[in-house]
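# Chains, contacts and geometry: an overview
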Amino acid sequence: MALAWRHRVTLRGVMRALLYAVIGFVALSVLLVLLFRVVPVFGSMVMVERKVESWVSREPIRIEQQWRRWEALSDHAKLAVIAAEDQRFPHHRGFDVDEMRRAWEASRQGGRLRGASTISQQTAKNLFLWTGRSWLRKGLEAWFTLLIETLWPKERILEVYLNIAEWDSGVFGLEAAAQHYFGVSASQLNAHQASRLAAILPSPRNWSAAQPSAHVERRSAWIRQQMNNLGGTGYLEQL
């Protein structure tokens, strides 16, 4: 009898601790997302991960990143990443269901299961989480995606994405990428340069915007065509 009573007490204690932990996580994550709605973002979990990897491998890496406000980011670059990564960005609420369905159907027909992550999902992952694939990370990514889509305007999501995206080993954000590859500031990028930067986003540590392979050149040309199909930089007014 006493043993059963102690077991129930212990179980209630564990459940209470789990409940407090969940409430604390929800409250902290909401506070962080609200904070980053207005505060410049000078780092991300991916930057931390890359730094830790360099320590473990004993291969020093210097993180380059400079925050730039929305107005100081090239409109060509804004449009290029939308054209390359997420053409329904102004209209969805964080998840592109149509693209997810297409990716699933392609995999069922024998193709490789390709990613269908939106800019919102990538922003959530890069800022708050780690790389790699697991159900835990995907679940947390969905949670933070819902939060930033609810609490941030679309312009803020794209602004943060452009400021923390990885563009080479140790090179993060559009300002650092523009200087690294083309020797210009983020505001000075033209359509051709912007399309090259957008073209290497799927594999930024293996592809180069300054010395593009034939594949990157073809992808860059496709992105410029998509930019034109979207109506040019006027498309950004939909944000």
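Here goes a summary of the coordinates provided.

Conventions we followed
- Residues numbered from 1 in each chain as written.
- Predicted model: local features only at pLDDT ≥ 70, side-chain atom pairs only at ≥ 80, totals over all residues.
- Heavy atoms only, no water.
- Axes fitted to C-alpha atoms, helices over the stretch in contact; angles between N-to-C directions.
- Helix = DSSP H or I, 4+ residues; strand = E, 2+ residues; numbered from the N terminus.
- Parallel < 35°, antiparallel > 145°, perpendicular 65-115°, else oblique.
- Contact = heavy atoms within 4.5 Å.
- Nonpolar A, V, L, I, M, F, W, Y, C, P; charged D, E, K, R; others polar.
- Buried < 20%, exposed > 50% of the residue type's maximum accessible area, 1.4 Å probe, protein only.
- Phe/Tyr/Trp six-rings, centres within 6.5 Å; stacked < 30°, edge-to-face > 60°.
- Lys NZ or Arg CZ within 6 Å of the ring centre and 35° of its normal.

## Quick notes on the packing of helix α3 (residues 75-85) against helix α7 (residues 154-164)
It is the contact of α3 with α7, at a shortest axis distance of 11 Å, that shows an interaxial angle of 90 degrees. Judged on the interaxial angle alone, α7 and α3 are roughly perpendicular. Seen from α3, the contacting residues are Ala77, Lys78, Val81, Ile82 and Glu85; seen from α7, they are Leu158, Tyr161 and Leu162. Partitioning the contact of α3 with α7 into residue classes produces six nonpolar, no polar and two charged.

## What to know about the side chain of Thr118
Along the chain, the position of Thr118 falls in the loop between α4 (97-108) and α5 (119-128). Using a relative accessible area of 1% as the deciding quantity, one classes Thr118 as buried.

## Observations concerning the packing of aromatic side chains
Here the structure, examined in full by the defined rule, presents four aromatic pairs. Look at Phe36 and Phe128: their rings are 6.1 Å apart centre to centre, the planes differ by 50 degrees, and that puts the pair in the tilted class. Linking Phe36 in helix α1 (residues 2-38) with Phe128 in helix α5, this pair joins segments that are 92 residues apart in sequence. Take Phe36 and Phe128: they sit in the same class, and that class is buried. Ring geometry for Phe128 versus Phe144: centroids 4.4 Å apart, planes at 10 degrees, classification stacked. One end of the pair, Phe128, is in helix α5; the other, Phe144, is in helix α6 (residues 135-151), with 16 residues separating them in the sequence. Phe128 sits in the buried class, given a relative accessible area of 13%. One aromatic cluster in this structure is built from Phe25, Phe36, Phe128 and Phe144. The aromatic ring of Trp70 is capped on one face by Lys78, whose charged end is 3.7 Å from the ring centroid. The cationic tip of Lys154 hangs over the ring face of Phe89; the distance from NZ or CZ to the ring centre is 4.5 Å.

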